[in-house]
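Residues per chain are reported as follows:
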Amino acid sequence: MEILLLNKGLSLRKKLYKNGKITSKTIYQIEGGKVVGTSDTDYENGNPKRTTNSIYTYKGALLEKIESSKESTTYTYEGNKVVKRVTNNKYGFTYTYDGNNLSKTVYKFSTQTYREGTFLDAIRYEESSFIYNGNRITVNEKNYTEIVADKSKIDEDVKTTIYTVENGNVTKEESVSGSYKRTVVYTYDGKKNPLSNNLSKMLSPNYFIVPKASKNNLLTVTETIEEEGNTEIRRGSYEYIYDGDYPTTVREFKEENNRKELKEITEYKY
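Only a predicted model underlies this, so the values are computations on that prediction, with no experimental measurement involved.

1. Observations regarding unusual backbone geometry
Now for step 1: The phi dihedral of N88 falls on the positive side, at around 55 degrees, and the residue is not glycine.
Now for step 2: By secondary structure assignment, the location of N88 is in the loop between β7 (81-87) and β8 (91-98).
Now for step 3: Exposure remark for N88: the relative accessible area of 33% places this residue in the partly exposed category.
Now for step 4: Although it is not a glycine, K151 adopts a positive phi angle of roughly 65 degrees.

What follows is the structure, encoded as structure tokens:
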């Protein structure tokens, strides 16, 4: 398996707010087509505040560990598919497959919950199961907290979301819960998305339902929320400067009251 952050070799990603001041910067160290390290810097008022360096360790083509001063994340595989991701031995994901298709994800972490005047040790579960029907993917989510002492479950919540995927892009997202209905429609350009790459796909097996990880770059996002007879519409859009097939500058806008407001600028260097 070839692991490239980008076919073109992305080396830097920089984010700026609408005032032009930098908020974060990520530098990628690439050797032999692999990301072997990153340097992430957070900024405050345009000035660097803290930097976190990470080291990537591989076994052959597969990434086994990402280590930094803040945390350590390990990955376990069956074949070339990741089946477990654990951070600091405190929380992690497990992934189950049906053939080549992701069938279930479970996110599990330790927490505490308050019941009858006492804080109790607990484990939070966030489970998603996937059903495939042509270009439509149904994701059934079940979230709950389990008390360690007696294994009782509280804060249970269920939700179903249907994703429409066309040509590698998430074009629609639909979810319904009682009288609440949310529909999001996405459009894309025909250029290559630098966030859609072999490494990110391998490490996040549910990438195919994440719009910002789609094959192409987002152009518009239209979110419609209907609840108890009321309808609210939210819109966002993106503008790009390209170097060939890849963007070098991304401007993200929020649209409301017939006005387009700049939210953030992201710059890429290859």
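2. Here's the deal with the packing of aromatic side chains
Now for step 1: Under the counting rule described, the total for this entry stands at ten aromatic pairs.
Now for step 2: For the ring pair F93 and Y95, a centre distance of 6.0 Å and an interplane angle of 5 degrees mean the geometry is stacked.
Now for step 3: A relative accessible area of 22% means that F93 is categorised as partly exposed.
Now for step 4: Ring centres of Y125 and Y144 lie 5.0 Å apart, and the angle between their planes is 20 degrees; on these two criteria the pair is classed as stacked.

3. Here we look at the nonpolar core
Now for step 1: Core analysis: the biggest nonpolar cluster contains 32 residues, and L63 and Y77 have the highest contact counts within it.
Now for step 2: Every residue in contact with Y77, bar those within four places of it in the chain, is listed here: L62, L63, V82, V83, M202 and L203.

4. A look at the environment of Y95
Now for step 1: Note on placement: Y95 falls in strand β8.
Now for step 2: Spatially, the C-alpha atom of Y95 lies 9.8 Å from that of S128, the residues being 33 residues apart in sequence.
Now for step 3: Apart from the residues within four sequence positions on either side, Y95 is in contact with V82, V83, K84, R85, L102, K104, T105, L203 and P205.

5. Digging into the pattern of salt bridges
Now for step 1: Using the criterion set out here, one finds eleven salt bridges in the structure.
Now for step 2: The salt bridge partner of E173 is R182, with a shortest N-O separation of 3.1 Å.
Now for step 3: The class of R182 is partly exposed, set by a relative accessible area of 21%.
Now for step 4: Notably, a salt bridge pairs E223 with R182, separated by 2.6 Å at the nearest N-O pair. Of this pair, E223 sits in strand β15 (residues 218-227) while R182 sits in strand β14 (residues 180-188), placing them 41 residues apart in sequence.
Now for step 5: What makes E223 buried here is its relative accessible area of 12%.
Now for step 6: Here the residues in one salt-bridge network are E173, R182, E223, E232 and R234, joined through shared partners.

6. Description of the pairing of strand β9 (residues 101-115)
Now for step 1: Sheet topology places β8 next to β9; eight bridges connect them, and they run antiparallel. Across the sheet, T94 pairs through a bridge with V106, a residue of β9.
Now for step 2: In terms of strand pairing, β9 meets strand β10 (residues 118-133) through twelve bridges, oriented antiparallel. Among the inter-strand pairings, R115 is bridged to a residue of β10, identified as T118.
Now for step 3: Taking the residues that link successive antiparallel strands as the turn, the β9-β10 hairpin has two residues, and the phi of E116 there is positive, at about 55 degrees.

7. Examining the pairing of strand β4 (residues 47-59)
Now for step 1: The pairing of strand β3 (residues 34-44) with β4 spans eight bridges and is classified as antiparallel. Counted as the bridge partner of Y43 is P48 from β4.
Now for step 2: Connecting β3 to the next strand, β4, in antiparallel fashion are two residues, including N45 with a positive phi near 55 degrees.
Now for step 3: Here β4 pairs with strand β5 (residues 62-68) via six bridges, running antiparallel. Among the inter-strand pairings, K59 is bridged to a residue of β5, identified as L62.
Now for step 4: The hairpin turn running from β4 into β5, its antiparallel successor, is two residues long, and G60 in that turn takes a positive phi close to 65 degrees.

Cut-off values and rules
Residues numbered from 1 in each chain as written. Predicted model: local features only at pLDDT ≥ 70, side-chain atom pairs only at ≥ 80, totals over all residues. Heavy atoms only, no water. Helix = DSSP H or I, 4+ residues; strand = E, 2+ residues; numbered from the N terminus. Buried < 20%, exposed > 50% of the residue type's maximum accessible area, 1.4 Å probe, protein only. Phe/Tyr/Trp six-rings, centres within 6.5 Å; stacked < 30°, edge-to-face > 60°. Core = buried A, V, L, I, M, F, W, Y, C linked by side-chain atoms within 4.5 Å. Contact = heavy atoms within 4.5 Å. Salt bridge = Lys/Arg side-chain N within 4 Å of Asp/Glu carboxyl O. Pairing = 2+ DSSP bridges.

No statement about biological role is implied by the geometric values presented.
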